[in-house]
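Observations on the model geometry
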Amino acid sequence: MIVRWGLGELPAVLVELGVAAPLVVASERWSGLDLPADAAAVWHEVPTDRIADAAVAAADADAVLAVGGGSAIDLGKAVSAETGLPLVSVPTTYAGAEWTPYFGIRDPDRRMRGGGSGARLAAAVYEPRLTLGLPAETTVGTAMNALAHSAEALYVRGHNPGADEHALAGARLIGTWLPRVLDELRSVDARTRMLEGAAHAGEALGGSGLGLAHALAQVLGCRYGSPHGTLNGIVLPPALRFNAVLAPDAVRRFGDALGADDAAERVEELAALAGPTRLRELDVPEGDLGALAAAAAERPGNLANPRPAAPAEIEELLRSVW
């Protein structure tokens with residue numbers, strides 16, 4: 001995949017890919033952004049479950065250009081999979097969606113309506129200035145998603161030395177720069193370093209896969225529509241404690257990258273910098289935990305864990321953060 005830094009690099013990327021008229025997928029928030037591309041059409045309903053309609057909007061396009069966070073890029077991936085068009089992503093959060101062909105489909109109320117795979121990933125163009133408007137809670141939430149990518153890449157069954165290198169680089173950058181970003185939300189330098197960390201974490205994800213924490217976050221997000229990154233910040237610590245017994249060296253290396261003796265405790269500290277830290281704060285009913293655990297046990301992320309967690313074990317993990 002082509003990776004470039006700076007929105008000014010986008011025209012050269014499109015030329016390299018032979019793209020002249022993309023479908024731009026971006027929420028109304030980005031409607032005033034002066035993109036250096038001549039759009040064949042623009043789709044502003046983000047998120048949406050009207051994938052077929054979005055694909056029709058791409059009838060005269062030769063690519064999909066997705067600008068935004070995970071919802072926009074996942075929508076772009078869904079359209080890419082539906083149409084066969086290549087996808088160019090311009091991420092504006094730390095979600096890392098630009099690195100995998102998999103996607104989730106949410107309706108305008110952010111409820112999960114399905115998902116799939118098959119996106120044609122072509123390029124990612126990173127512009128730190130587009131992240132300057134992220135509020136503290138979204139900054140922390142999407143950073144926790146990136147941090148979960150780094151952690152899980154180190155111990156999932158698909159882990160490998162190349163992905164490990166990116167995972168550790170991402171964890172070091174995020175652990176160091178997230179507190180600094182929150183001290184100065186509009187610092188271009190701090191935001192650049194954070195985005196670099198998220199890019200490394202995303203590349204680790206793309207080269208390895210997802211584990212138990214993402215299985216938990218996905219099930220919770222499907223049921224309640226809560227932000228995926230915030231959920232990762234809540235469920236990653238118990239997943240790390242579970243995996244510390246199964247993959248102690250991987251969890252230790254992750255902790256070392258964060259500069260911490262206790263990786264799970266450090267993630268809790270970072271998640272607590274902004275946003276909810278308990279499931280009950282997101283209105284998850286305690287009575288639902290058993291059913292959620294059973295559903296999470298069947299998710300691919302849990303099956304790719306060093307050892308899949310049993311439903312009873314997952315329920316205990318969820319109760320620990322309820």
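Notes on the structure in this doc start here. (Residues numbered from 1 in each chain as written. Predicted model: local features only at pLDDT ≥ 70, side-chain atom pairs only at ≥ 80, totals over all residues. Heavy atoms only, no water.)

Let us look at the packing of aromatic side chains. Enumeration according to the criterion identifies 1 aromatic pair in this entry. Centroid distance Trp5 to Tyr126: 4.9 Å. Interplanar angle 25°. Geometry classified as stacked. Of the two residues, Trp5 sits in strand S1 (residues 2-5) while Tyr126 sits in strand S8 (residues 120-126), which places them 121 residues apart along the sequence. Given the relative accessible area of 1%, Tyr126 is considered buried. Above the plane of the ring of Trp177 lies Arg180, whose end atom (NZ or CZ) is 4.6 Å from the centre. (Phe/Tyr/Trp six-rings, centres within 6.5 Å; stacked < 30°, edge-to-face > 60°. Helix = DSSP H or I, 4+ residues; strand = E, 2+ residues; numbered from the N terminus. Buried < 20%, exposed > 50% of the residue type's maximum accessible area, 1.4 Å probe, protein only. Lys NZ or Arg CZ within 6 Å of the ring centre and 35° of its normal.)

Now for helix H6 (residues 188-207). Note on helix geometry: an α-helix contains 3.6 residues per turn, so any two residues three or four positions apart are oriented the same way. Helix length check: H6, at 20 residues, gives a terminal C-alpha distance of 28 Å against a target of 28 Å (1.5 Å per residue), a fit within 8%. Where H6 is concerned, the buried positions are Ala190, Arg191, Thr192, Met194, Leu195, Gly197, Ala198, Ala199, Ala201, Gly202, Ala204 and Leu205. A positive backbone phi angle near 145° is found at Gly209, which sits one or two residues after H6. (Expected span 1.5 Å × (residues − 1).)

What follows deals with the nonpolar core. Proteins that are soluble and globular tend to have nonpolar side chains buried together. Within the largest apolar cluster, 69 residues are counted, with the highest numbers of intra-cluster contacts made by Leu147, Leu220, Leu240, Phe254, Leu279, Ile314 and Leu318. Here Leu147 is in contact with Ala171, Ile174, Leu236, Phe254, Leu258, Val267 and Leu270, once residues within four sequence places are set aside. Membership of the second largest hydrophobic core comes to 19 residues, among which are Leu10, Val24, Ala26 and Leu35. (Core = buried A, V, L, I, M, F, W, Y, C linked by side-chain atoms within 4.5 Å. Contact = heavy atoms within 4.5 Å.)

What follows is about the sheet that holds strand S2 (residues 23-25). Spatial strand order, S1-S8-S5-S4-S2-S3: 6 strands in an open sheet with parallel pairing. The open sheet has two free edges, formed respectively by S1 and strand S3 (41-43), since each of these has just one partner strand. Here the strands of the sheet are splayed against their neighbours by 20° on average, with no regard to which way each runs. Of the strand pairs in this sheet, strand S5 (residues 86-91) and S8 are connected by 4 bridges, and their pairing is parallel. Looking at the pairing, Ser89 lines up with Ala124 of S8. Against the sheet, helix H3 (residues 70-83) contacts S2, S3, strand S4 (64-68), S5 and S8, and its axis sits at roughly 165° relative to S4. (Pairing = 2+ DSSP bridges. Axes fitted to C-alpha atoms, helices over the stretch in contact; angles between N-to-C directions.)

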